[in-house]
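Structure at a glance
This is what each chain is made of:
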Amino acid sequence: MLRRMQRVMAHLVDNIPQMRSGELEEKGTDIWQLFREAQQNILYLNKQRIMATEELDRVKREKSSLLDRIEQLERTKLINTRKDKLSISAELLLRIDSMVLTSLIGSKEASEFRRLVMDSKVSIADNFSEIMHKKDTELLIELRHFSGKSRKSGYHIIHICTEMAPVVSVGSLALYVTGLSRALQRKGNLVEVILPKYASLNLNEVHGLREVEAEFHSYFDGQLHGNRIWTGVVYGIGVTFIEPLYYSSFFSCENIYGYSNDFERFTYFSRASLDYIVKAGKQPDVLHMHNWKTSIVGPLCWDVFVNQGLGGTRIMLTCQSFESQCVEQPEKLALCGLDSHGLHRSDRLQDNNKYHLVNVLKAGVVYSNKVIIMSSMQTKAQIIHATTHGLEPTLTIHKDKLVVAPPGFDSSAWDPSVDKFLPQNYSADNMKGKSVCKASLQQHLGLQEQASIILVGCIFLDISDIELENLRTLIWMASRRGVQFVFMGSGQTPGLNTALEYFEEELKDENMRFLNKYDEALAHLVLAGSDIMLCPSFDDAVFQVPLKSMRYGAMPILLNFTDRTFGHFVDDNFINIPLSQAIDELKNNPSKWDKKIVDAMTKDFSWDAECCDIHISAYTEIANL
């Protein structure tokens, strides 16, 4: 087109003297037409070039996204493959229990089969995946074919407990049992869980739930009573549910705890669990009891069951908190077959303050080989002298048993590099996605979308009045500096919600958002989109915000920053600063801030790390007693 115009212009110049005015006007019109056409063509070509560039960029992004998706699917495939193998092994163990209860095999042969499951030379999942649907008699033939192998170096641990996520979850115990059990199995140990069969169980989370045909009897209140057994698999862990037949009302109620007969309910379950273990011919290395609800397992094991096949079994107790202990009349111990007169002594079960009563949690401490206390922040001495609610004399006597372990969190569900709830994933090696998450959170909450604005998140279960006042002061100070806040509560504390709603109305701050209900998907985005996470406590065993925030690249700051107690797993310089100082550092020294964030993101605070290692060390120590 341009060459054509050039030729026309040259022709006009050469022939201007011979042209009339009308011809000149006509030729001029043609020239302007050519110019317009050329301009339109140039614009069209530029538009096509831009579209082609955008299309190329889109293809590149899709290619990159596809490669990331393929990589993620490969990781998921590996995880699922491993999970399926664990599930097959767990289901096989439960089938072995069924064979014992139906008298198909004896306890000695059952013990050999259980060791076979832990065999490092045989892949149980590969050999038995296709025959798990067969009858017990056919499965028994295959088991005997593979018998006689060497045992894997690991421990057989049975948790007797009242919660397990996600089947039945009330507090921190449920997360602990599931998280620890999965970590222990990943490190080559055999783990089982025994639970009451509550009417409120989330049975959709139990794989292969089946009722075992045989029943077994348990002693309670001077008589033998029948129990129905249900088995299933949760996250590759074999779970046994005990359903009392005569005392069916014990676990058919709406809530898990909080009834006047809680002592009878959980004492019955503890005794029934031990009866079942003995009946099934199990000889675990460790019986692991939890809080006061199953602490009676300790004296029952040593005073009643030690000569029924559990002579080589050791006892471990975990305390999530010493606040709940359960004190009762001594004569009630006879309900489960214990000698109330012999146990009502100061060195046994007698309560340290109410001498006429017995203390069930104290029973667990006295009769266990090790006591695990869950805490991220406190030392053994601090726990004994500050938070034991009257058990200080007992814990002082048994202090050599005490071990403090930090909780962990599920790193597979809380990982920003593969988190399905985030608009864009990121990691310590590539943090670009975090700014995308921040913009997405700001947009979702109707906050001003600007990367340079500091965003502070806070996810809490409960906040004390003192912490609420601290919060009020912090927000007043920070709001003047244009800091954005988002608060997410549990919705389980109406008074607290009302106070915070009033607080929000009082401030009328356009940079503050309060969400009075916990939302799992949004919690992921709050962690990913926040620069700082305010934490009412660093010992957060329910929401585990301090651990998750570091994984998601947000600095955890203690709400009550005058508290100078810190755990050994975090750097003092990282968290021991007030909010105002953290804001200054983020604004004035971003490179230093980024280094701290990246360092925190690369540390392992999962169940597989320090928490699991401490437990295995404790198991090893008591196994050698």
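The chain is annotated in an unreviewed UniProt entry as starch synthase from Anisodus acutangulus. Listed in UniProt under the heading Pathway (unreviewed entry), the comment for the chain reads: "Glycan biosynthesis; starch biosynthesis." Checking UniProt for the chain, the heading Catalytic activity (unreviewed entry) contains the comment "[(1->4)-alpha-D-glucosyl](n) + ADP-alpha-D-glucose = [(1->4)-alpha-D-glucosyl](n+1) + ADP + H(+)".

Considerations on the state of the cysteines
Going through the model one piece at a time under the given rule, you end up with zero disulfides. Note on Cys535: no disulfide assigned, nearest cysteine sulfur contributed by Cys458 at a separation of 7.2 Å. Look at Cys535 and you get buried, because its relative accessible area is 1%.

Description of the sheet that holds strand 16 (residues 532–535)
Strand order in the open sheet made by the five strands is 15-14-13-16-17, with parallel pairing throughout. Each end of this open sheet is capped by a strand with a single partner; those strands are strand 15 (512–515) and strand 17 (555–558). Strand-to-strand twist across the sheet, computed as the mean angle between neighbouring axes with direction ignored, equals 20°. As paired strands, strand 16 and strand 17 are joined by four bridges and run parallel to one another. Bridge pairing in strand 17 places Leu534 opposite Ile557. Sheet strands touched by helix 13 (residues 432–445): strand 13 (455–459), strand 14 (484–488) and strand 15. Its angle to strand 13, the strand with the most contacts, is close to 75°.

Overview of the nonpolar core
Across soluble globular proteins, nonpolar side chains show a tendency to be buried alongside one another. Ile160, Tyr276 and Leu287 are the most contacted members of the largest nonpolar core, which has 94 residues in total. Ignoring any residue separated from it by four or fewer positions in sequence, one finds Ile160 in contact with Ile194, Phe269, Ser273, Leu274, Ile277, Leu287, His288, Met289, His290, Thr294 and Val297. Ranked by size, the runner-up nonpolar core spans 57 residues in total, among them Leu441, Ile454, Met533 and Met550.

Re the pairing of strand 5 (residues 223–234)
Of all 12 residues making up strand 5, nine are buried, and the element is well covered by its neighbours. For strand 4 (residues 216–220) and strand 5, the ladder comprises five bridges, and the chain directions are antiparallel. From the neighbouring strand, Tyr219 faces strand 5, where its bridge partner is Leu224. The loop that links strand 5 with its antiparallel partner strand 6 (residues 237–244) comprises two residues; one of these, Tyr235, has a positive phi angle of about 55°.

Overview of the pattern of salt bridges
Within the structure shown, the criterion is met by 18 salt bridges. Among the salt bridges present, the one from Arg114 reaches Asp97, with a minimum N-O distance of 2.9 Å. Note that Arg114 is positioned in helix 3 (residues 107–117) and Asp97 in helix 2 (residues 21–101), a separation of 17 residues in sequence. You'll find Arg114 and Asp97 in the same group, each marked buried. Of the charged contacts in the structure, one is a salt bridge between Asp608 and Arg186, with a shortest N-O distance of 2.8 Å. One end of the pair, Asp608, is in helix 21 (residues 607–623); the other, Arg186, is in helix 6 (residues 172–186), and 422 residues separate them in sequence. Looking at Arg186, the relative accessible area reads 32%, which means it is partly exposed.

Looking at the pairing of strand 4
Burial of the side chains of strand 4 is restricted to one face: Phe216, Ser218 and Phe220 are buried, whereas none of His217 and Tyr219 on the reverse face is. Between strand 4 and strand 5, which pair antiparallel in sequence order, lie two residues; one of them, Asp221, sits at a positive phi of approximately 55°.

So, the packing of helix 6 against helix 21
Working note: a packed helix pair is described by the angle between its axes plus the distance between those axes. Running from N to C, helix 6 and helix 21 point in directions that differ by 80°, and their axes come no closer than 9 Å. Taken together, helix 6 and helix 21 sit at an angle that is classed as roughly perpendicular. Packed against helix 6, whose contacting residues are Leu175, Tyr176, Gly179, Leu180, Ala183, Leu184 and Arg186, the element helix 21 presents Trp607, Asp608, Cys612, His615, Ile616 and Tyr619 at the interface. Counted by class, the contact of helix 6 with helix 21 contains nine nonpolar, two polar and two charged residues.

Some details on the side chain of His290
When you line up the elements, His290 lands in strand 7 (residues 286–290). Overall, the relative accessible area of 1% leaves His290 in the buried class. Polar side-chain contacts of His290 include one of 2.9 Å to the side chain of His159. Every residue in contact with His290, bar those within four places of it in the chain, is listed here: His159, Ile160, Cys161, Leu173, Tyr176, Val177, Leu317 and Thr318.

Re helix 10 (residues 360–367)
Judged by how many residues are buried, helix 10 sits mostly within the fold: eight of eight residues are covered. Between the side-chain oxygen at the start of helix 10 and the backbone nitrogen of Leu361 there is a gap of 3.0 Å, and the oxygen is on Asn359.

A word on the confidence of the model for the chain
Overall, the predicted model of the chain reaches an average pLDDT of 83, with 80% of residues at or above 70. Per-element confidence in the chain is highest for strand 7, whose mean pLDDT is 98, and lowest for helix 18 (residues 572–575), whose mean pLDDT is 48. Considering only residues more than four positions removed or in separate chains, one finds that residues 77–83, a stretch of pLDDT under 50, has two contacts. Counting interchain partners and residues more than four positions distant, the pLDDT-below-50 stretch residues 561–571 has 26 contacts.

With respect to the environment of Leu349
Here Leu349 lies in the loop between helix 9 (340–343) and strand 10 (358–359). Contact partners of Leu349, with chain neighbours within four places excluded, come to Leu333, Leu343, Leu357, Val358, Asn359, Lys362, Ala363 and Tyr367.

Here's the deal with the packing of aromatic side chains
Scanning the entire structure with this criterion turns up 18 aromatic pairs. Taking the centre distance of 5.0 Å and the plane angle of 85° together, the rings of Tyr246 and Tyr247 count as edge-to-face. Assessed through its relative accessible area of 60%, Tyr246 is described here as exposed. For Tyr247, a relative accessible area of 15% gives the class buried. Where Phe485 meets Phe487, the ring centres are 5.9 Å apart and the plane angle is 0°; that geometry is what we call stacked. Its relative accessible area of 1% is what places Phe485 among the buried residues. Directly above the aromatic system of Tyr235 lies the positively charged group of Arg182, at a separation of 4.0 Å from the ring centroid. Sitting over the face of the ring of Trp230, Lys197 holds its NZ or CZ atom 4.8 Å from the ring centroid.

Focus on unusual backbone geometry
Cis peptide bonds are those with omega within 30 degrees of zero, and the linkage from Ala165 to Pro166 qualifies with 0°. Secondary-structure assignment places Pro166 in the loop between strand 1 (156–160) and helix 6. With a phi angle near 55°, Asn291 is a residue other than glycine that sits in the positive phi range. For Asn291, the position within the fold is in the loop between strand 7 and helix 8 (297–305). The exposure class assigned to Asn291 is buried, which follows from its relative accessible area of 12%. Unusually for a residue other than glycine, Cys326 sits at a positive phi of about 70°. Along the chain, Cys326 turns up in the loop between strand 8 (314–319) and strand 9 (327–328).

The rules behind each value
Think of each chain on its own: its residues are numbered from 1, step by step along the sequence as written. In view of the model being predicted, local features appear only for residues whose pLDDT reaches at least 70, and side-chain atom pairs are presented and counted only at 80 or more, with totals across whole chains, interfaces and linings using the full set of residues. Heavy atoms from the whole structure form the basis of all side-chain values; hydrogens and water molecules are not counted. UniProt positions are given in the numbering used here, feature names are shortened, and annotations may be inferred rather than shown by experiment. When two cysteine sulfur atoms are found within 2.5 Å, that pair is recorded as a disulfide. Exposure classes here rest on a 1.4 Å probe applied to the protein chains alone. A residue is buried below 20% of its type maximum, exposed above 50%, and partly exposed in between. DSSP-based pairing: two strands are paired if at least 2 bridges between them are found. Secondary structure elements follow DSSP: runs of H or I no shorter than four residues count as helices, runs of E no shorter than two count as strands, and numbering proceeds from the N terminus. Angles run from 0 to 180 degrees between N-to-C directions of axes, and those axes are lines fitted to C-alpha atoms, restricted for helices to the stretch in contact. In what follows, a contact means two residues having at least one pair of non-hydrogen atoms within 4.5 Å. The set of buried Ala, Val, Leu, Ile, Met, Phe, Trp, Tyr and Cys residues whose side-chain atoms join them within 4.5 Å is what this entry labels a nonpolar core. Counted as salt bridges are all cases of a side-chain nitrogen of Lys or Arg within 4 Å of a carboxyl oxygen of Asp or Glu. Roughly parallel covers angles under 35 degrees, roughly antiparallel covers those over 145, roughly perpendicular covers 65 to 115, and oblique covers all other angles. Side-chain classes are defined by residue name, with Ala, Val, Leu, Ile, Met, Phe, Trp, Tyr, Cys and Pro counting as nonpolar, Asp, Glu, Lys and Arg as charged, and the others, Gly among them, as polar. Polar contacts, as used here, are pairs of N or O atoms within 3.5 Å; protein pairs need one atom able to donate a hydrogen and one able to accept it. Residues neighboring in sequence count only if both atoms are side-chain atoms. Each residue carries a pLDDT value, the predictor's own confidence for that position, ranging from 0 to 100. Aromatic pairing here means that ring centres of Phe, Tyr or Trp (its six-membered ring) are within 6.5 Å. Orientation follows from the plane angle: under 30 degrees is stacked, over 60 is edge-to-face, and everything else is tilted. Whether a charge sits over a ring comes down to the Lys NZ or Arg CZ being within 6 Å of the ring centre and within 35 degrees of the ring normal.

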